[in-house]
Amino acid sequence: MGMCLALQSVSDNNIEKILESPPLIWRLIAPDDPEIYLESVDKVKKGIFARLFGKKSVEPRQAIPNLEFVEGKNIDGDLDKSWHGIHYCLNKTDYEAEAPMDFITVGGQTAGEIEVGYGPVRLFDSKTVKEIDGKLSKVTTEQLHNNYDPGDMERLDIYPNIWERDGDEGFEYISEYFESLKSFISNCSKQNLGMALYLC
């Protein structure tokens, strides 16, 4: 299946709640599965209790909280496996880049240490999303293509390592999802929303 990058719009208010209580991330990315939230809360509590007292706690389960959503929030999207190729074509690097254009690979604030796939969810507030949109909206497909270098991408181990094999088709794959990314971030920016990114 591989590593796919998922995107989710989220309000600044909900970002604050999640950063204060990281298990709430499951109420954002898996709202129809309350059990996974409860299991995450139990795991966090047991870990804290064990560190303090050397044994597991036994506590009644609490009520399941909900994040507050309004129209236009909690919209999702994905970049499939193109995410690393898009990052490379934007920055000519494997992971690091000047903020905020490092957002695909390393930017944002993590929702605690809760593993949701391949690592924790990274959160970006609405101000940062507007900065990303301002820069991303100026990048053309032609500029992206000028940075497409299959040989260098293979050298840097840019996932999913198909670039020399697929050549121009590899770039078509990147450019298709790049347009989806621009549209997603533009919509978040227009609605003053932040976003969540995670590998799954």
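Small disclaimer: the values here were computed from a predicted structure and weren't measured.

Asker: I'm lost on the nonpolar core in this one. Help?
Answerer: Generally speaking, soluble globular proteins have nonpolar side chains that are buried together. Ile86, Leu90, Phe103, Leu136, Leu181, Ile185 and Met195 are the most contacted members of the largest nonpolar core, which has 36 residues in total. When residues of this core are traced back to their parent elements, those giving at least two are β1 (5-10), α4 (83-91), α5 (126-136), α9 (168-190) and β5 (194-199). No other element matches the nine residues that α9 contributes to this core. Setting aside residues up to four positions removed in sequence, Met195 forms contacts with Gln8, Ser9, Val10, Phe103, Arg122, Leu123, Phe124, Val129, Ile132, Phe184 and Ile185. The next biggest cluster of nonpolar side chains, apart from the first, holds 21 residues, and it includes Val10, Tyr37, Val41 and Leu67.

Asker: Just checking my understanding: could you explain the packing of aromatic side chains for this structure?
Answerer: Given two aromatic rings, one states the distance between the centres and the angle between the planes to describe the pair. Scanning the entire structure with this criterion turns up four aromatic pairs. Measuring from ring centre to ring centre gives 6.3 Å for Tyr148 and Trp163, while their planes differ by 85°; the resulting arrangement is edge-to-face. Of this pair, Tyr148 sits in the loop between α6 (141-146) and α7 (150-155) while Trp163 sits in helix α8 (residues 163-166), and the two are 15 residues apart along the sequence. We note that Tyr148, like Trp163, is buried.

Rules of the game
Residues numbered from 1 in each chain as written. Predicted model: local features only at pLDDT ≥ 70, side-chain atom pairs only at ≥ 80, totals over all residues. Heavy atoms only, no water. Core = buried A, V, L, I, M, F, W, Y, C linked by side-chain atoms within 4.5 Å. Buried < 20%, exposed > 50% of the residue type's maximum accessible area, 1.4 Å probe, protein only. Helix = DSSP H or I, 4+ residues; strand = E, 2+ residues; numbered from the N terminus. Contact = heavy atoms within 4.5 Å. Phe/Tyr/Trp six-rings, centres within 6.5 Å; stacked < 30°, edge-to-face > 60°.

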